[in-house]
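Structural description and commentary
Listed below, chain by chain, are the residues.
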Amino acid sequence: MSTEPEPAEGAEDAEPVTPDAGAEGGAPEPQAAAGDRAAQDEDAAGGEPGGAAESGGGKAPADGGDAETAASAEDSQGQLSEAEAELAAQRVERERIERRKAQKQRPVDSGSKLSGRAADLLAAVRAVESGEKPVATAFREPTPAPRRPAPEPRPQPVSPETAAPSAPAPQTVDAVLRVLAAGGAPDTLAAQAAATLGEAADERLRADPWQLLRVGGVRPEQADGFARTLLGAECGPGDERRGRAVTVWLLEQAALAGHTALELPALVAALGRQSVPDPDAAVQDAIAEGEALVFQDAVDQPGVPVRAEGESQGFDGDDGDDGDDQRPVRVLVGLERYALAEESLADGLARLINSVPKEDGSAADWEGAADSADGAATELIRAVAGHGLVLHTGSDASLAEPAELLSAAHRLGLRAWAAAHTPLGRGRFEALTAVGDAGTPAGSGVPEHAASTGPGVATVAGLLSGVEGPGRDADGALDLDLLVVLDAPQLDVETAALVTESLPDGARLVLSGDPAVLWSAGPGRVFADLLAARVCPQIASRRPDPGPLGELVSGIGIGELNQVEAPGKEIVIVPVRDAGEAVHRTVQLVADSVPRAIGVPPEETQVITPGHGGAAGTRALNTALKERLNPGPGRFGGFDPGDRIAYSPTPGRTLPGRVVKADAEGLHLSCAGESVVVPKERVEQSVRHGWALTAHQAVGCRWPAAVVVLPGDAVQSLSRPWVYTAFGRAGRHLSVVHGVEQALPRAVAEVPAKPRTTRLPVLLAPQVPAAG
């Protein structure tokens, strides 16, 4: 699944730097793993202990970056693990994107007039170009360049030999360890620093101690202390090396908060809060050294005329006129990694939208398939018949519509597949498809290749890596005609770029999901950007989720927290006074009340809370739930057989599962029926107890019962998407441990999703006409 990652202790407590928050906030422990850097939830502050409270009634309240290598174990059949193969596929795709970028040599698009700091920055960098300033490299004024007419060769299937990169050499780690010791940094950072900085990591750290900021979990104040110890009197806040490193760190923190780039004024302000004396110079330096990229995107504003194609833009020496009809621009700064992914995604989507879908049946065949479907599934089938990209929106009940589409496409002879983000999501969707892998009878008229494969269902990671799905053709493209990606809001820009660039010409792509849930753990808001851009057909489901739970969640989606009649105790509110009481009541609900009154056992009840820290965060709740439900000594990294866990093979993906055993190979897990072995050295970074999860970790999954914990110290974490996501994880029963009083209805009514800065709509606009 594309959700909040589940890294080692520490990173979840780090407040991500956003244009608003800057670099303020508490510092995590520096030994946090690199995989921790994608954590999305913020911890709440501690609470007070308290006693038990009585259960409530039966109504809803009316008030109220680059990751470390994944585990490198092979499964019981000797096959490549899903996490390893996914990482390898991502590396191959990124190398291909970089090669294509070097071939295209395409400068960024520019806008019109600038003012203030943006104009000063642009003038300074242009002075570099003219030779007035002796800087090695700089960006040039962009000029239009033609888009590629056809896709480049796509990545080939990944071989086991290239799946997992080797660990840093012991001598490299030892050399780094000596430098860290000299600078007073924890020796636990040695392996991470060696892996991040490469073979000459020790030399790089001695020459530029602020390179330590590239290691996950390290904050500027910690890198400053390391630099002072190493450099002595040479160290100062105005050091150019510090300015560059802090600029890159801020852009990484922005990516953790979901941004693919930052607006220049926001970045400059954040640098000021980090005591960089000349923020503008720090940004210029980072751009000149190639550690960041600058973009100038035109901003459409009501009442501002748009120039016709071919008209002069009046920019930097253009012969155009400097009148008031020039379109304003915004200057953005971002990391190359996300800029390349976003550009590749825009190219891939434009190719699908502008290409003609393959001839895979007559219009009459498609019309017949549409007529045999129900409701929005009819519209969905008709839209897919003639378009390369279609967006489908709806809540959980609407999954029946892409299932009907997949079955109809299979009957028409298409190689049709669906991809979910988690094994649990894959299993739920498999149950909805009308035709299984071996469910097509002989003589049915379905082509042999389609009858043999059926409409398959895979995970997104398994599909991209080749562990699951149809495999790839001779050109490296996925060997399919139709792909339906479920839980589409969980697609970050990098994963979405991998998916689109892996599709062959003429294939159809359907992105299906609920736009009201939390966005992806990784940077970008792909699904929301596409919905806003209106570049392809959009089919909205009209199927409501059934029962009191469906009524409650539907109201939250439009900003209303309604009272809902729940005669079968589908919804129960449990008021609490403080965090200690919230933990006590949660354990009581999971272990006793829900099994006895609702008939759902503890192993099918999921606890969801806003953050990992605090007196009622996942750590405190998991400790209490383990003590009650599966007590044990925790001899293997704190785990015992039978423990519920949340396994994060890569940042942004969480797989719920259970501990089977532990031995010399590592910790053996069962995740949705799949066996996983996590080596001992990876357990602390990638495995947590999983009786309690955050809402980001729970996206894409549903359980028969959910207990949502809202302690009083979690008020700042609440928003409409959070509440909608958390409450929507319950299938039959929802208990709300309620300690936030009026903050809950206020969050539902007034607190939307936090905005993210992305470039996808701007990149798509010149390639794809708006659908209207």
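Because the structure is predicted, anything quoted here is derived from the model rather than measured. (Residues numbered from 1 in each chain as written. Predicted model: local features only at pLDDT ≥ 70, side-chain atom pairs only at ≥ 80, totals over all residues. Heavy atoms only, no water.)

Among the nonpolar cores identified, the biggest contains 47 residues, and Leu180 and Leu212 are the most heavily contacted of them. For this core, the elements supplying multiple residues, two or more each, are helix H3 (170-183), helix H4 (190-197), helix H5 (201-207), helix H6 (220-231), helix H7 (240-256), helix H8 (264-273), helix H9 (279-288) and strand S3 (329-334). The element that contributes the greatest number of residues to this core is H7, accounting for eight residues. Judged by nonpolar contacts, the second largest core, of 40 residues, contains Trp417, Ala458, Leu483 and Ala507. (Core = buried A, V, L, I, M, F, W, Y, C linked by side-chain atoms within 4.5 Å. Buried < 20%, exposed > 50% of the residue type's maximum accessible area, 1.4 Å probe, protein only. Helix = DSSP H or I, 4+ residues; strand = E, 2+ residues; numbered from the N terminus.)

Its location among the elements puts Arg585 in helix H20 (residues 579-597). Residue classification places Arg585 among the buried positions, given a relative accessible area of 4%.

Topologically, Gly617 is positioned in the loop between strand S11 (605-608) and helix H21 (618-629). In this structure, the C-alpha to C-alpha distance between Gly617 and Val709, residues 92 residues apart in sequence, is 8.7 Å. Those residues in contact with Gly617 that lie beyond four places of it in its chain are Thr609, Gly611 and His612. (Contact = heavy atoms within 4.5 Å.)

Our focus in this paragraph is the environment of Val215. With respect to the secondary-structure elements, Val215 resides in the loop between H5 and H6. Separated by 23 residues in sequence, Val215 and Gln192 have C-alpha atoms that sit 6.5 Å apart. Not counting residues up to four positions away in its chain, the partners in contact with Val215 are Leu189, Gln192 and Ala193.

Inspection of the secondary structure assignment puts Asp202 in helix H5. Contact partners of Asp202, with chain neighbours within four places excluded, come to Ala175, Val176 and Val179.

Negative phi values dominate among residues other than glycine, just as trans dominates among peptide bonds. Notably, Ser275 is not glycine yet its phi reads approximately 65°, a positive angle. For Arg534, which is not a glycine, the phi torsion comes out positive at approximately 55°. Looking at the element boundaries, Arg534 is found in the loop between helix H18 (526-533) and strand S9 (538-540).

Our focus in this paragraph is the pairing of S11. Side-chain alternation along S11 places Thr605 and Val607 on one buried face and Gln606 and Ile608 on a second face that is also buried. Here S11 runs beside strand S17 (residues 692-693); their pairing, made up of two bridges, is parallel. Bridge pairing in S17 places Val607 opposite Ala692. (Pairing = 2+ DSSP bridges.)

We now examine the sheet that holds strand S15 (residues 674-678). Ordered in space as S15-S14-S13-S12-S16, the five strands form an open sheet in which the pairing is antiparallel. The open sheet has two free edges, formed respectively by S15 and strand S16 (687-689), since each of these has just one partner strand. Mean inter-strand twist for the sheet, computed between neighbouring axes without regard to direction, equals 40°. Across three bridges, strand S12 (residues 644-647) lies against S16 in antiparallel orientation. Considered in S16, the bridge of Tyr647 is made with Val687. (Axes fitted to C-alpha atoms, helices over the stretch in contact; angles between N-to-C directions.)

Strand order in the open sheet formed by five strands is S10-S19-S18-S11-S17, with parallel pairing between adjacent strands. At either margin of the open sheet sits one strand with a lone partner, and together these are strand S10 (571-575) and S17. Across four bridges, the pairing between S11 and strand S18 (residues 703-710) is parallel. Each residue of the ladder has a partner; that of Ile608, found in S18, is Val708.

Take the pattern of salt bridges next. Pairs can form between side chains of opposite charge once their charged atoms are near each other. If you walk through the whole model with that rule in mind, you get 27 salt bridges. The shortest N-O distance in the salt bridge between Arg542 and Glu379 comes to 2.8 Å. Placement of the pair is Arg542 in the loop between S9 and helix H19 (547-557) and Glu379 in helix H12 (residues 376-386), with a sequence separation of 163 residues. (Salt bridge = Lys/Arg side-chain N within 4 Å of Asp/Glu carboxyl O.)

Taken as a whole and assessed by the stated rule, the structure comprises zero aromatic pairs. The ring of Phe295 is capped by Arg759, whose NZ or CZ atom sits 4.0 Å from the centre of that ring. (Phe/Tyr/Trp six-rings, centres within 6.5 Å; stacked < 30°, edge-to-face > 60°. Lys NZ or Arg CZ within 6 Å of the ring centre and 35° of its normal.)

This next bit is on H21. End to end, H21 covers 15 Å across twelve residues, agreeing with the expected 16 Å (1.5 Å per residue, within 8%). Where H21 is concerned, the buried positions are Thr618, Leu621, Asn622, Ala624, Leu625 and Lys626. Where H21 is buried, its residues meet H20, S11, S16, S17 and S18. (Expected span 1.5 Å × (residues − 1).)

What follows is about the confidence of the model for the chain. With 72% of its residues at a pLDDT of at least 70, the chain reaches an overall mean of 79. S11 holds the highest mean pLDDT among the elements of the chain, 98, whereas helix H15 (residues 448-453) holds the lowest, 41. The model gives residues 133-165 a pLDDT under 50, and that stretch makes 86 contacts with residues more than four places away or in other chains. Note that residues 302-324 has pLDDT below 50 and, in this model, 34 contacts with residues that lie over four places away or in other chains. (pLDDT = per-residue confidence, 0-100.)

Across the interface, H8 lies against H9 with an axial gap of 9 Å and an inter-helix angle of 115°. The handedness of the crossing between H8 and H9 is right-handed. Of the residues in H9, those touching H8 at Leu264, Leu267, Val268, Leu271 and Gly272 are Pro279, Asp280, Ala282 and Val283. Of the residues contributing to the contact of H8 with H9, the split by class is seven nonpolar, one polar and one charged. (Left-handed = near helix turned anticlockwise from the far one by under 90°. Nonpolar A, V, L, I, M, F, W, Y, C, P; charged D, E, K, R; others polar.)

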